[in-house]
Amino acid sequence: METRARRPQLLWLLLLCGTCARVCCCNETRMLERLPRCGKTFAERMRDVAVWKWCDLSQFIVFYESFTNCTEVETVVVGCYWPNPLAQGFITGVHRQFFSNCSVDRTHWEDPPDEVLIPLIAVPVLLTVAMAGLVVWRSKRTDRMP
């Protein structure tokens with residue numbers, strides 16, 4: 001009688017554990033067969049975005065989120081953890097296909113030459129020391145102004 005009462009609990013436990021990633025039983029071959037579905041769907045959705053907008057994340061963020069979620073689900077379904085090197089390799093391939101021409105135009109900052117940098121550091125330091133000395137000197141004077 002006690003085993004019949006436990007059956008629903010065991011069923012729920014099996015259902016919950018069935019959705020967990022089983023790292024020990026990762027079927028990499030099946031994962032590599034399933035991941036291209038995600039890439040195909042992403043490619044179909046990216047056709048709706050003009051090529052010159054591919055570098056503007058705001059234009060396709062929803063598609064990219066779906067792509068990322070799809071790769072995670074497909075990886076977990078075959079018992080692998082996510083991310084893993086094979087899934088990352090697949091995602092990198094998709095990045096190369098769609099975003100290889102997107103460069104990050106960031107300004108490369110360099111220190112100014114020493115001839116400029118040293119005075120920019122020394123002048124404020126010397127002014128601070130001079131002002132502190134002036135305050136101390138004025139506070140030690142015995143003659144007070146009326």
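Numbers given to residues run from 1 along each chain, matching the order in which its sequence is written. Since the coordinates come from a predicted model, pLDDT governs what is reported: local features require at least 70, and pairs of side-chain atoms require 80 or more to be given and counted, while whole-chain, interface and lining totals use all residues. The basis for the side-chain values is all heavy atoms of the structure; hydrogens and waters are excluded.

S.K.: Would you mind going over the UniProt feature "transmembrane region" (unreviewed entry) in the chain in detail, with residue names and values included?
M.R.: UniProt positions are given in the numbering used here, feature names are shortened, and annotations may be inferred rather than shown by experiment. Mapped onto this numbering, the UniProt entry annotates "transmembrane region" (unreviewed entry) at residues 116-137. Each helix is a run of DSSP H or I of at least 4 residues and each strand a run of E of at least 2, with the numbering of both proceeding from the N terminus. The span residues 116-137 carries 100% helix and 0% strand; its end-to-end C-alpha distance comes to 32 Å.

S.K.: Report on the nonpolar core, specifying residues and quantitative values.
M.R.: Among buried residues, those of type Ala, Val, Leu, Ile, Met, Phe, Trp, Tyr and Cys that are joined through side-chain atoms within 4.5 Å constitute a nonpolar core. Summary of the burial criterion: residues with accessible area below 20% of their type's maximum are buried, those above 50% are exposed, and those between are partly exposed, where the area comes from a 1.4 Å probe applied to protein chains only. Judged by nonpolar contacts, the single largest core of 13 residues is most densely connected at Phe42, Met46, Phe60, Tyr64, Phe67, Phe98 and Phe99. When contributions to this core are tallied by element, the ones reaching two or more residues are helix 2 (28-46), helix 3 (61-77) and helix 4 (85-99). Should any heavy atoms of two residues lie within 4.5 Å, those residues are counted as being in contact. For phenylalanine 60, the contacting residues outside a window of four places in its chain are Met46, Val49, Lys53, Trp54 and Phe99. Counting residues in each nonpolar core, the second largest holds 5 residues, with Met31, Val78, Cys80 and Ala87 among its members.

S.K.: Describe in detail helix 4, supporting the description with residues and values.
M.R.: Compared with the 21 Å implied by 1.5 Å per residue over 15 residues, the 20 Å span of helix 4 between its first and last C-alpha is a close match. All buried positions along helix 4 are accounted for by Ala87, Ile91, Val94, Phe98 and Phe99. When helix 4 is viewed along its axis, its buried side chains cluster within an angular range of 95° and face the same direction. The outward face of helix 4, more than 90 degrees from its buried face, is lined by the exposed residues Pro85, Arg96 and Gln97. Each element contacted by the buried residues of helix 4 is listed here: helix 2 and helix 3. Helices are assigned an expected span. That span is 1.5 Å times one less than the residue count. Arc definition: directions from the helix axis to the C-beta atoms.

S.K.: Please provide a residue-by-residue account of the environment of phenylalanine 67, values included.
M.R.: Structurally, the position occupied by phenylalanine 67 is in helix 3. Taking the relative accessible area as the measure of exposure, phenylalanine 67 reaches 3% and is therefore buried. Considering only alpha carbons, one finds phenylalanine 67 and cysteine 38, 29 residues apart in sequence, at a separation of 5.8 Å.

S.K.: Any details on helix 3? Residues and values, ideally.
M.R.: With 17 residues, helix 3 should reach 24 Å at 1.5 Å per residue; the first-to-last C-alpha distance of 24 Å fits that figure. Listed as buried for helix 3 are Tyr64, Phe67, Thr71, Glu74 and Thr75. Buried residues in helix 3, looked at end-on, bunch into an arc of 100°, giving them a common side. Along its buried surface, helix 3 packs onto helix 2 and helix 4. Trailing helix 3 by a residue or two, glycine 79 shows a phi angle of about 90°, which is positive.

S.K.: Now, about the state of the cysteines: what can you tell me, with residues and values included?
M.R.: Throughout, a disulfide means two cysteine sulfur atoms within 2.5 Å of one another. Evaluation of the coordinates by the stated rule reveals 3 disulfides. Put simply, cysteine 38 and cysteine 70 are joined by a disulfide, and their sulfur atoms are 2.0 Å apart. Measuring handedness by torsion sign, the sulfur bridge of cysteine 38 and cysteine 70 sits at about -75° and is left-handed. Of this pair, cysteine 38 sits in helix 2 while cysteine 70 sits in helix 3, and the two are 32 residues apart along the sequence. Using a relative accessible area of 2% as the deciding quantity, one classes cysteine 38 as buried. Linked covalently through their sulfurs, cysteine 55 and cysteine 102 form a disulfide whose S-S length is 1.9 Å. One quick way to see it: the torsion about the S-S bond of cysteine 55 and cysteine 102 is about -90°, and its sign makes the bridge left-handed. Of this pair, cysteine 55 sits in the loop between helix 2 and helix 3 while cysteine 102 sits in the loop between helix 4 and helix 5 (114-140); the two residues are 47 residues apart in sequence, bridging distant segments of the chain.

S.K.: Residue-level account of a negative patch on the surface, with values.
M.R.: Patch construction takes residues with relative accessible area above 30% that form no salt bridge. Like charges are linked within 9 Å, and nonpolar side chains (Val, Leu, Ile, Met, Phe, Trp, Tyr) are linked within 5 Å. Throughout, the Shrake-Rupley method with a 1.4 Å probe supplies accessible areas, and for residues the shown protein chains are the sole cover considered. Here, a salt bridge means any Lys or Arg side-chain nitrogen found within 4 Å of an Asp or Glu carboxyl oxygen. We count Lys and Arg on the positive side and Asp and Glu on the negative side, and we leave His and both chain ends out. Here the site of a charge means NZ on Lys, CZ on Arg, CG on Asp, or CD on Glu. Taken together, the side chains of Glu110, Asp111, Asp114 and Glu115 make up a negatively charged region of the molecular surface. Tracing the backbone shows glutamate 115 in helix 5. Taking relative accessible area as the criterion, glutamate 115 reaches 65% and is therefore assigned exposed.

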